[in-house]
Amino acid sequence: MRSRSAQELFSGLIPLHILHHAAEQPVYGLWIIEELANHGYRLSAGTLYPLLHRMEQRGLLRSTAQRAGRSTRRVYRITSAGRMALNEARHKVRELFGELFATDLRRVFGGQANRRKRGASRPTRRRERR
Ligand SMILES: [Zn+2]
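Reading guide: rules and limits
- Residues numbered from 1 in each chain as written.
- Predicted model: local features only at pLDDT ≥ 70, side-chain atom pairs only at ≥ 80, totals over all residues.
- Helix = DSSP H or I, 4+ residues; strand = E, 2+ residues; numbered from the N terminus.
- Buried ≥ 20, exposed ≤ 12 C-beta atoms within 10 Å, placed from the backbone.
- Contact = placed C-beta atoms within 7 Å.
- Pairing = 2+ DSSP bridges.
- Axes fitted to C-alpha atoms, helices over the stretch in contact; angles between N-to-C directions.
- Parallel < 35°, antiparallel > 145°, perpendicular 65-115°, else oblique.
- Left-handed = near helix turned anticlockwise from the far one by under 90°.
- Nonpolar A, V, L, I, M, F, W, Y, C, P; charged D, E, K, R; others polar.
- Expected span 1.5 Å × (residues − 1).
- Core = buried A, V, L, I, M, F, W, Y, C linked by C-beta atoms within 7 Å.

A. Here's a closer look at the overall build of the chain. Summing up its helical and strand segments, the chain has six helices and three strands in all. The order of helices and strands in the chain, counted from the N terminus, is α-α-β-α-α-β-β-α-α. Residues counted as buried form 11% of the 130 residues belonging to the chain. For the chain, the share of sequence-separated contacts (at least 6 apart) that also reach a separation of at least 24 residues comes to 40%.

And the structure:
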């Protein structure tokens, strides 16, 4: 059971997650719901579709209707403004990541993680789950 306050913390990660995947390939609602479920986010269509709509209104995504068998589905692609926003967010998340996992990084990189100067090369990112 996830607390309400924790959910509030995660809510900002969801649009970021959507942008990330839309940058890799066109995505659609059900795919996003399943992808986020794999990461432990339970998102209903009633929450997702308004969010996608807002992201499109803000110019981060662009959607088109696409035939899928007998029905059509709305497919979302990232826009160039979306890519810029994603890049900005990446920098911020990297900073935050460094703070949140400073202890882990020190353990892995033997105390180097905290001593590096601003702008110095960053420790290698941990392998992403694929
Ligand atoms: Zn994902």
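This is not the end of the story, as more comes after the structure.
B. A look at the pairing of strand S3 (residues 71-78). As judged from the two bridges shared by strand S1 (residues 27-28) and S3, these two strands associate in the antiparallel manner. Bridge pairing in S3 links Val27 to Tyr76. Where strand S2 (residues 61-68) lies against S3, eight bridges are found, and the strand directions are antiparallel. Bridging across to S3, Ala65 finds its partner in Arg74. Once S2 ends, the chain turns through two residues before running back antiparallel as S3, passing Gly69 with a positive phi of about 65°.

C. Seen up close, the packing of helix H2 (residues 13-24) against helix H5 (residues 80-100). It is at 10 Å that the axes of H2 and H5 come closest, and there the two elements cross at 120°. In terms of orientation, H2 and H5 fall into the oblique class. Crossing handedness for the pair H2 and H5: left-handed. On H5, the residues that touch Leu16, Leu19, His20, Ala22 and Ala23 of H2 are Gly82, Arg83, Ala85, Leu86 and Ala89. By residue class, the composition of the contact of H2 with H5 is seven nonpolar, two polar and one charged.

D. Structural view of H5. Between its first and last C-alpha, H5 extends 30 Å over 21 residues, near the 30 Å set by a 1.5 Å rise per residue. Of all the 21 residues making up H5, one are buried; the element is thus mostly uncovered.

E. Summary view of the packing of helix H3 (residues 29-38) against helix H4 (residues 45-57). One way to put it is that H3 packs onto H4 with a least axis distance of 10 Å and a crossing angle of 115°. Seen along the crossing, H3 lies across H4 with a hand that is right-handed. The residues of H4 that touch H3, namely those facing Gly29, Ile32 and Ile33, are Ala45, Leu48, Tyr49 and Leu52. Each residue belonging to the contact of H3 with H4 can be placed in one class, and the counts come to six nonpolar, one polar and no charged.

F. How the structure looks around the nonpolar core. By size, the foremost hydrophobic cluster in this structure holds eleven residues: Ile18, Leu19, Ala22, Val27, Ile32, Leu52, Met55, Leu60, Leu61, Tyr76 and Ile78. Those elements giving two or more residues to this core turn out to be H2, H4 and S3. Per element, the largest residue contribution to this core is three residues, and it comes from H2.

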